[in-house]
Amino acid sequence: MSQSVGVVVPAYRPDPERLVPYVHALVEEFDPAAVRVELDAPRAETLDALSALPSVAVVNAADTRRGKGAAITAGFEALDTDILAFADADGSTPAASMGHVVAAVREGADLAVGSRRHPRATVASHQTVARRYLGDGFAWLARRLLDVPLYDYQCGAKAITADAWDDVRGHLYEPGFAWDIELIAVSGAFGHCVAEVPVVWEDQPNSTVSPVDTTIKMARGLVRSRHRARTIREDRLHEFIAAQNDQCTLVEEFSAEVTDD
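Residues numbered from 1 in each chain as written. Predicted model: local features only at pLDDT ≥ 70, side-chain atom pairs only at ≥ 80, totals over all residues. Heavy atoms only, no water.

Engineer: Which residues make up the sheet that holds strand S5 (residues 111-115), and what values go with them?
Structural biologist: Strand order in the open sheet made by the seven strands is S3-S2-S1-S4-S7-S5-S8, with mixed pairing throughout. Each of the sheet's edge strands pairs with one partner strand only, and the pair in question is strand S3 (57-62) and strand S8 (194-198). Each strand of the sheet is rotated relative to its neighbour by a mean of 20°, with strand direction disregarded. Of the strand pairs in this sheet, strand S4 (residues 83-87) and strand S7 (residues 157-161) are connected by five bridges, and their pairing is antiparallel. In the strand pairing of S7, Phe86 is matched with Lys158. The sheet contacts of helix H1 (residues 16-30) involve strand S1 (5-12), strand S2 (34-40), S3 and S4, and relative to S1 the element is tilted by about 170°. Against the sheet, helix H3 (residues 68-78) touches S1, S2, S4 and S7, its axis set at about 150° to S1. (Pairing = 2+ DSSP bridges. Helix = DSSP H or I, 4+ residues; strand = E, 2+ residues; numbered from the N terminus. Axes fitted to C-alpha atoms, helices over the stretch in contact; angles between N-to-C directions. Contact = heavy atoms within 4.5 Å.)

Shown next, in the form of structure tokens:
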């Protein structure tokens, strides 16, 4: 029986001329049952332009900037499909490559991670030298701190089964860009099958991401993600540290917001 797919596209200040055709391409590539554009702090003109999205797509606009991780979590919580996927709004990962990521889950992986640093990946255009070195350094560090050895942890193309999402959803805290690596670390701690999928990738130079500031935040998020994975694996020291923490998970925060509404 065919597995249904839901796609979340987290977006902050997106370029509608890029986003709208990209969503159409995703729909054409693997016919998702649902598409949610999780739009943070939108401008009125952006909302108007997104009326050209395909009929299967729903735009959920938040008044504030929630962050990538919080936006994807909200989107995943709203989906009722067998597979949950997300793709960055800038379209750096083409729809065909996103289809390969989804296919890896359909073929048996619990979590599929798109990879632009995989030896078989195709990089159509490169990042600036600074961003490339920062990204390579972060991937090198993540491989040494986490139990899931990958070439790339931050590519904006991932898919996960609904069952695996049920496992990890209550262990995710990172609202921003570190959410990707937290998802991988937590999924690995549960013993999920994580597949790394080489993709075609094209850097988008007009990104709203500050490379240095984001890398510092991600490095802190990496340490926290390692801690959360160790806690799930019942490491006594990390369990003790976790017991002192009263921070709400993203799902708890999302549920509280829904209740308030």
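Moving on from the coordinates now.
Engineer: Outline the packing of aromatic side chains, supporting the account with residue identities and numerical values.
Structural biologist: Aromatic rings considered in pairs are described by the distance between their centres and by the relative angle of their planes. Per the stated rule, a full pass over the model turns up four aromatic pairs. For the ring pair Phe76 and Trp179, a centre distance of 6.2 Å and an interplane angle of 70° mean the geometry is edge-to-face. One end of the pair, Phe76, is in helix H3; the other, Trp179, is in helix H7 (residues 179-189), with 103 residues separating them in the sequence. Neither residue differs from the other here; Phe76 and Trp179 are each classed as buried. Centroid distance Phe86 to Trp179: 5.7 Å. Interplanar angle 75°. Geometry classified as edge-to-face. Within this pair, whereas Phe86 is found in strand S4, its partner Trp179 is found in helix H7, the two being separated by 93 residues in sequence. Residues Phe86 and Trp179 agree in their burial class; the two are buried. Following the ring pairs from residue to residue traces out a cluster consisting of Phe76, Phe86, Trp165 and Trp179. (Phe/Tyr/Trp six-rings, centres within 6.5 Å; stacked < 30°, edge-to-face > 60°. Buried < 20%, exposed > 50% of the residue type's maximum accessible area, 1.4 Å probe, protein only.)

Engineer: Tell me about the pairing of S3, residues and numbers included.
Structural biologist: Examined bridge by bridge, S2 and S3 share six bridges and lie parallel to one another. Opposite Val37, over in S3, you have Val59 as the bridge partner. Each parallel crossover has a hand, and for S2 linked through helix H2 (residues 44-49) to S3 it is right-handed. (Right-handed = clockwise from strand over helix to strand, strands pointing away.)

Engineer: Could you give an account of H1, naming the residues involved and the relevant values?
Structural biologist: Along its 15 residues, H1 runs 21 Å from first to last C-alpha, staying within 8% of the 21 Å computed at 1.5 Å per residue. Within H1 the residues assigned to the buried category are Pro16, Leu19, Val20, Tyr22, Val23, Leu26 and Phe30. Buried residues in H1, looked at end-on, bunch into an arc of 165°, giving them a common side. Counted as exposed and oriented over 90 degrees from the buried face of H1: Glu17 and Glu28. Looking at the packing, one finds that the buried side of H1 touches S1, S2, H2, S3, S4 and helix H4 (95-106). You can read the cap of H1 off the contacts: a side-chain oxygen lies 3.0 Å from the backbone nitrogen of Glu17, and it is on Asp15. Of the residues one or two after H1, Asp31 is the one with positive phi, at around 45°. (Expected span 1.5 Å × (residues − 1). Arc of directions from axis to C-beta. Polar contact = N/O pair within 3.5 Å; in protein donor to acceptor, adjacent residues only side chain to side chain.)

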